[in-house]
Amino acid sequence: MNTKILVSLLLLLSSVPEVYSQEDNTKVVLITLDGFRWQEMFSGADPQLITNREYVHDTTALKKRFWRETPEERRKALLPFIWSEIYEIGQIHGNRALGSKVDLTNTMWFSYPGYNEILTGKADDKRIVSNDKIPNPNKTILELANKSVRYNNKVSAFGSWDVFPFIINEGRSGVPVNAGFEIAKEENLTEREKFLNQLQPIVPSPWSTVRLDAFTHHYAIEEMKKNHPEFIYISYGETDDFAHDGDYGAYLKSAHTTDALIRELWNFTQSDGFYKNKTVFMITTDHGRGTKPLDTWKSHGGDIVGAGSVWFIAFGKGVSPKGEIKNEKQLFSNQIAPTIMNVLGLKIDKDKMPADILDLN
Ligand SMILES: [Zn+2]
């Protein structure tokens, strides 16, 4: 062996540990389901709504799919991945019937303030007071990660709602955000991305500002397969819009589908060497909805009682299996951002992100 080869071999060997230590870093998949109530999360289909012809086209068919005698059976029929696999390996917070509470700290109880709180770690009731397309003056954890040396160009976001490029302040943060009716625009598109780009404009969405979640999901999973982001945010939107439409059947079916999409994401990460055993999933919602009077299930906002109550799920690397949290415990949505900063090993500015890190061990 000549010296040149020996030197390059030694260089190669010495570079291996660093590569591995980077790869061992925990990856984060943050997911939100817009306006999905804790009531359905923990009790499945609501008895007063699933039988209500005002909100359900075909009550017989819907009951067949999602009605069961007990809340435990109902939630498992509605969200089988969450209530079988995640229940075994993760933590499900927010069943207020058992004393486990998760609440927003913002008082607006609608989407932009909710996402701002989740993504920045601090409510901003002075400046974030509408859903208008205003570039967020606050920095999200996606931006902080993307601006760090460690995670630069390893962060991405996908959302069904077209306000996300503003919430994440795509221009300032440099975080690529594919949201609303955007198509994939990179150069080396995969065959599936090309197909999604063809399909999205010809499949009509019921809404003008929110696309169907299947597009958001599949663009996101293609990105994970192709570029392996270390921190990805996926925001599903259908649940909120079907609820505003007063279509309880579509609201339930969408939640059921999203549960399967999350299963697909998890199974992908566990089959991919980059993510396997190194990835933590955190899932939550931007706000709750009403219960009384009955028709307030369609709405949310500061004047709707209970719309500030949410839920939180974590599973994967570093999360101990506690299943459904059954003790008195109060968590807040502003704790999610510092918890993710901590998982990523990024420094937390306590002025900007004052809440305690969640103890998921
Ligand atoms: Zn809404």
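Cut-offs applied
Residues numbered from 1 in each chain as written. Predicted model: local features only at pLDDT ≥ 70, side-chain atom pairs only at ≥ 80, totals over all residues. Heavy atoms only, no water. Helix = DSSP H or I, 4+ residues; strand = E, 2+ residues; numbered from the N terminus. Buried < 20%, exposed > 50% of the residue type's maximum accessible area, 1.4 Å probe, protein only. Areas by Shrake-Rupley, 256 points an atom, 1.4 Å probe, with all protein chains shown as cover. Donors = N, O, S within 2.8 Å, 3.2 Å for Na, K, Ca; no water. Tetrahedral: all angles 85-135°; square planar, octahedral: opposite > 155°, others 65-115°. Pairing = 2+ DSSP bridges. Contact = heavy atoms within 4.5 Å. Axes fitted to C-alpha atoms, helices over the stretch in contact; angles between N-to-C directions. Phe/Tyr/Trp six-rings, centres within 6.5 Å; stacked < 30°, edge-to-face > 60°. Lys NZ or Arg CZ within 6 Å of the ring centre and 35° of its normal.

**So, the overall build of the protein chain**
Here comes step 1: When helices and strands are counted, the protein chain shows 15 helices and 11 strands.
Here comes step 2: Projecting the C-alpha coordinates of the protein chain onto the three principal axes gives extents of approximately 80 × 45 × 40 Å.
Here comes step 3: Here the protein chain holds 361 residues, and the buried ones make up 56% of them.
Here comes step 4: Working note: accessible area of the protein chain is about 15,800 Å², and carbon and sulfur atoms make up 55% of it.

**Structural notes on the coordination of the zinc ion**
Here comes step 1: Donor atoms from the polypeptide that coordinate the zinc ion comprise Asp240 (OD), Asp240 (OD), His244 (NE2) and His300 (NE2), at 2.1 to 2.6 Å from the metal.
Here comes step 2: With 4 donor atoms in place around the zinc ion and angles of 54 to 142° between them, the coordination shape is irregular.
Here comes step 3: Read from N- to C-terminus, the donor residues coordinating the zinc ion fall into the pattern D-x3-H-x55-H. Linking His244 in helix α13 (residues 238–244) with His300 in the loop between β7 (279–284) and β8 (309–310), this pair joins segments that are 56 residues apart in sequence.

**So, the sheet that holds β7**
Here comes step 1: Strand order in this open sheet of 8 strands is β5-β4-β6-β1-β7-β9-β2-β10, and the pairing throughout is mixed. Of all strands in the sheet, those with a lone pairing partner are β5 (177–179) and β10 (323–324), marking the two edges.
Here comes step 2: Pairing of strand β2 (residues 91–93) with strand β9 (residues 312–316) involves 3 bridges; the strand directions are antiparallel. Bridge pairing in β9 links Ile92 to Ile313.
Here comes step 3: Packed onto the sheet, helix α7 (residues 111–120) meets β1 (27–33), β6 (231–236) and β7 and runs at close to 165° relative to β1.
Here comes step 4: Relative to the sheet, helix α12 (residues 213–227) contacts β1, β4 (155–159), β5 and β6, its axis offset from that of β6 by approximately 170°.

**A closer look at the packing of aromatic side chains**
Here comes step 1: Per the counting criterion, the structure on display carries 19 aromatic pairs.
Here comes step 2: Look at Tyr115 and Trp161: their rings are 6.3 Å apart centre to centre, the planes differ by 45°, and that puts the pair in the tilted class. Taken as a pair, Tyr115 in helix α7 and Trp161 in the loop between β4 and α9 (164–167) lie far apart in primary sequence, 46 residues in all.
Here comes step 3: With a centroid separation of 5.7 Å and an interplanar angle of 70°, the aromatic rings of Phe164 and Tyr233 are classed as edge-to-face. Of the two residues, Phe164 sits in helix α9 while Tyr233 sits in strand β6, which places them 69 residues apart along the sequence.
Here comes step 4: Counting every residue linked through ring pairs, the aromatic cluster contains Phe36, Tyr55, Tyr248, Tyr251, Trp297 and Trp311.
Here comes step 5: Above the ring of Phe274, the side-chain terminus of Lys27 is found at 4.5 Å from the ring centroid.

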